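Observations on the three-dimensional arrangement
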Amino acid sequence: MLSRPPSSVIVVGSGIVGAATAYFLAERGIDVRLLDTSAPAAEATGAADGAVSVASKRPGPIMTAALKGVALYGKLADKGLFAGAFKRRSTFIVAISEEECAVLDAHSAALASAGVKVEILHGVALSRKSPALSPRARMAVEVHGEGHAIGYQIVHRLLSASGIVVDRNTSVEGLSLVNGGKRIGAVVTSRGELRADAVVIAAGNGSARLLGLGDVLTQRKGQLLVTERAPALNGSLPGAIMSGRYLLSKGSQKSTHTPPPRGLGLVIDPLVTGQFLIGGTREDSGSRETTDIDAVSRMLADAVDLVPGLSGVRLLRSFAGVRTAVADGLPIVGQIPGLENGFVATGFEGDGICLGPIAGKSLVQLMCGDEPDLRLSSFDPGRFADCGVAA
Ligand SMILES: Cc1cc2nc3c(=O)[nH]c(=O)nc-3n(C[C@H](O)[C@H](O)[C@H](O)COP(=O)(O)OP(=O)(O)OC[C@H]3O[C@@H](n4cnc5c(N)ncnc54)[C@H](O)[C@@H]3O)c2cc1C
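About the criteria used
- Per-chain numbering applies: the sequence of each chain, read as written, is numbered from 1 onward.
- Given that the model is predicted, a residue must reach a pLDDT of at least 70 before its local features are reported, and side-chain atom pairs must reach 80 or more before they are shown or counted; all residues, however, enter totals for whole chains, interfaces and linings.
- Note: side-chain values were computed over all heavy atoms of the structure, leaving out hydrogens and water.
- Strands here are runs of E lasting at least two residues and helices are runs of H or I lasting at least four, both read from the DSSP assignment and numbered beginning at the N terminus.
- Here the expected span of a helix is defined as 1.5 Å times the quantity of residues minus one.
- Per-residue accessibility, obtained with a 1.4 Å probe over protein chains only, is compared with the maximum for each type, and a residue is labelled buried under 20%, exposed over 50%, and partly exposed between these values.
- When we speak of the arc, we mean the arc of directions from the helix axis to the C-beta atoms.
- One heavy atom within 4 Å of a molecule or strand is enough for the residue carrying it to be called near that molecule or strand.
- Two N or O atoms count as a polar contact when they lie within 3.5 Å, although within protein this holds only if one can serve as hydrogen donor and the other as acceptor, and sequence-adjacent residues are included solely when both atoms are side-chain atoms.
- Per-residue accessibility takes into account occlusion by the displayed protein chains alone, with areas from the Shrake-Rupley method and a 1.4 Å probe.
- Domain borders in the structure are assigned automatically or taken from a domain database.
- In this tally, Lys and Arg are treated as positive and Asp and Glu as negative; His is ignored, and so are the chain termini.
- In the sections that follow, a salt bridge refers to a side-chain nitrogen of Lys or Arg positioned within 4 Å of a carboxyl oxygen of Asp or Glu.
- Only heavy atoms enter the contact rule, under which two residues are in contact if any of them lie within 4.5 Å.
- The rule for pairing is simple: two strands pair if DSSP sees at least two bridges between them.
- Take the buried residues of types Ala, Val, Leu, Ile, Met, Phe, Trp, Tyr and Cys, join any two whose side-chain atoms come within 4.5 Å, and each joined set is a nonpolar core.
- Axis definition: a line fitted to C-alpha atoms, over the contacting stretch in the case of helices. Angles run 0 to 180 degrees between N-to-C directions.
- Classification of ring pairs uses Phe, Tyr and Trp, with its six-membered ring standing for Trp, and accepts pairs whose centres are within 6.5 Å; under 30 degrees between planes counts as stacked, over 60 as edge-to-face, and the remaining range as tilted.

**So, helix α9 (residues 293-306)**
- Over its 14 residues, α9 extends 20 Å from the first C-alpha to the last, a length consistent with the 20 Å expected when each residue adds 1.5 Å.
- Inspection of α9 places Ala295, Val296, Met299, Asp302, Ala303 and Leu306 among the buried residues, and these make up the whole buried set. What you see down the axis of α9 is that its buried residues fit within an arc of 135°, all on one side.

Take a look at the structure:
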């Protein structure tokens with residue numbers, strides 16, 4: 001661990017996690033250099049849905065972290081930093097089959113026991129609350145106090161508020177160790193070596209190569225759709241609509257059946273623009289360069305099934321991003337084993353928009369010797385024997 005708070009830090013990766021870490025470092029007057037092989041929010045952060053949400057989280061450390069993540073968004077919105085970029089709304093998890101009803105019952109109990117305000121809606125109460133929903137909806141759980149944020153807008157807010165200019169097109173190729181391999185002496189980049197008191201690896205999928213985590217981190221592709229503006233329909237949805245099946249695709253609750261092929265789970269988010277964001281797939285292969293007609297048509301069919309009014313709304317575009325998944329399903333946040341000035345924050349899979357700011361804040365607290373807002377023990381990089389940098 002560092003003997004005193006660092007005066008200078010190099011952060012590798014300007015997705016939401018790196019940008020948040022840089023912001024909270026700069027807030028303490030620490031000199032920050034933020035490097036990216038490409039540009040801010042060029043990877044998962046720029047291709048995400050943006051649910052700032054506890055609704056789909058597994059009970060345990062992720063649910064606890066998400067609660068703190070949502071609370072921090074609220075605070076930063078009230079403070080002005082995220083004002084207008086964080087839309088407060090509920091999430092409605094909707095069941096259309098008996099199996100989904102059973103999953104929802106178990107999940108709403110888990111949410112309630114974690115302190116989340118949930119409400120179970122059936123029949124008339126449900127159609128009154130959300131008139132655009134299909135009559136096939138048998139029940140819904142309204143998860144209160146949630147929100148939505150577009151990842152690249154949040155990165156922009158964090159960087160402009162802290163005055164940090166990202167070193168674009170600067171790829172980190174390795175870390176050069178000193179003191180018998182216990183300390184990072186320099187960060188080796190495509191533009192030469194850089195030095196700082198401490199280094200944070202927040203490189204998403206790029207973290208695997210830098211930290212020898214090839215067997216621990218895997219890439220998980222997701223495809224998303226954006227529609228044209230449809231203000232009347234948008235206004236009749238009081239929050240995001242999430243299919244009960246989404247919980248199964250995300251593994252939040254166990255199903256008695258095999259999960260749907262390619263983990264297709266539906267979320268329909270009414271955006272402030274009047275458009276709808278519809279997602280998404282969870283695929284263990286494929287690149288962010290492509291979307292495919294099979295996924296797109298199945299997402300559209302599922303969306304129209306839950307919200308029939310969407311059949312008259314045109315699709316504007318489809319796009320894909322690649323999440324960074326960890327073998328045990330928990331992110332990796334903390335000190336790199338064996339390195340007194342090396343830290344990592346990666347592996348946020350489908351939760352990094354929600355968790356990015358709170359994870360960045362907590363990592364900075366850890367680096368500066370303060371008690372982190374998040375309990376980081378469950379996310380300790382030391383749980384993976386391979387995590388580290390070869391001297
Ligand atoms: C389809 C989809 C839907 C999603 N929906 C949601 C959602 O609804 N809610 C939610 O909370 N999360 C969601 N996520 C997850 C969220 O987007 C990610 O967890 C989050 O963006 C991860 O942020 P990051 O900063 O760790 O990684 P990234 O955004 O991937 O950023 C890593 C950065 O590091 C850079 N980099 C990599 N290697 C190097 C290197 N060697 N040198 C320098 N720079 C490097 C990259 O260029 C990149 O800019 C979704 C993701 C996808 C793909």
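**Focus: the site of the ligand**
- In the region of the ligand, 38 residues are neighbours, and Asp36, Thr45, Ala51, Glu349 and Cys354 sit closest.
- Between Asp49 and the ligand, the recorded distance is 3.2 Å, taken from a backbone N or O atom to a nitrogen atom.
- Residue Asp351 places a main-chain N or O atom 3.1 Å away from an oxygen atom belonging to the ligand.
- Relative to its free-state accessible area of 1000 Å², the ligand is covered by the protein chains to the extent of 95%.
- Listing elements by their share of the shell around the ligand, those giving two or more residues are α1 (16-27), α6 (207-211), β11 (217-227), β15 (315-326) and α10 (352-367).
- Both domains that meet at the shell around the ligand, namely domain 1 (8-45 + 153-215 + 328-383) and domain 2 (88-147 + 217-326), each give it at least three residues.

**Section: the side chain of Arg323**
- One can find Arg323 in strand β15.
- An unpaired buried charge is present at Arg323: no salt bridge exists, and Glu349, the closest side chain of opposite charge, is 4.3 Å distant.
- A distance of 3.0 Å separates a polar side-chain atom of Arg323 from the backbone oxygen of Lys221.
- The contacts of Arg323, once residues within four sequence positions are left out, are Asn205, Thr218, Gln219, Arg220, Lys221, Gly222, Thr281, Arg282, Glu349 and Gly350.

**Digging into the pairing of strand β13 (residues 267-270)**
- Neither face of β13 is exposed, since Val267 and Asp269 on one face and Ile268 and Pro270 on the opposite face are all buried.
- Of the pairings in the sheet, the one linking strand β12 (residues 239-243) to β13 comprises 2 bridges and is antiparallel in character. When the sheet's bridge partners are listed, Met242 is paired in β13 with Val267.
- Note: β13 against strand β14 (residues 276-279), 4 bridges, orientation antiparallel. Each residue of the ladder has a partner; that of Val267, found in β14, is Gly279.
- Linkage of β13 to β14, two consecutive antiparallel strands, is achieved through a turn of 5 residues, within which Gly274 is found at a positive phi near 95°.

**Things to note about the pairing of strand β17 (residues 342-346)**
- The element β17 is extensively covered by neighbouring structure, given that 5 of its 5 residues are classed as buried.
- Burial along β17 is two-sided: the face carrying Gly342, Val344 and Thr346 and the face carrying Phe343 and Ala345 are both buried.
- In this structure, strand β16 (residues 332-335) lies alongside β17, joined through 4 bridges in antiparallel fashion. Note that in β17 the partner of Ile332 across the bridge is Thr346.
- Hairpin geometry of β16 and β17 is characterised by an intervening segment of 6 residues between the two adjacent antiparallel strands and by a positive phi of about 85° at Gly338.

**A word on the nonpolar core**
- Residues Tyr73, Phe82 and Met367 are the most contacted members of the largest nonpolar core, which totals 73 residues.
- Looking at which domains feed residues into this core, each of domain 1 (8-45 + 153-215 + 328-383) and domain 2 (88-147 + 217-326) supplies at least three.
- Not counting residues within four places of it along the chain, the set of residues in contact with Phe82 comprises Tyr73, Leu76, Ala77, Ile154, Arg157, Leu158 and Pro357.

**Looking at the sheet that holds β16**
- Taken in spatial order, the 5 strands make up an open sheet running β2-β1-β10-β17-β16, and their pairing is mixed. Whereas interior strands pair on both sides, the edge strands pair on one side only; in this sheet they are β2 (31-35) and β16. Across the sheet, the axes of successive neighbouring strands diverge by a mean angle of 15°, strand direction being ignored.

**Considering the environment of Asp284**
- Mapping Asp284 onto the fold places it in the loop between β14 and α9.
- Expressed as a C-alpha distance, the spacing of Asp284 and Thr37, which sit 247 residues apart in the sequence, is 23 Å.
- If we skip the residues at most four places from it in the chain, Asp284 touches Gln219 and Arg220.
- Here the side chain of Asp284 touches Arg220 through a polar contact of 2.7 Å, side chain to side chain.

**Section: the packing of aromatic side chains**
- By the definition in use, this model includes 3 aromatic pairs.
- With a centroid separation of 5.0 Å and an interplanar angle of 85°, the aromatic rings of Tyr23 and Phe24 are classed as edge-to-face. Accessibility classification places Tyr23 together with Phe24 in one group, the buried group.
- Ring geometry for Tyr73 against Phe86: centres 5.3 Å apart, planes inclined by 40°, an arrangement best described as tilted. Taken together, the residues span a long stretch of sequence, with Tyr73 in helix α2 (residues 61-79) and Phe86 in strand β4 (residues 86-95) at a distance of 13 residues. Across the pair, exposure class does not vary: Tyr73 and Phe86 are buried alike.
- Aromatic ring contacts, followed pair by pair, group Tyr73, Phe82 and Phe86 into a single cluster.

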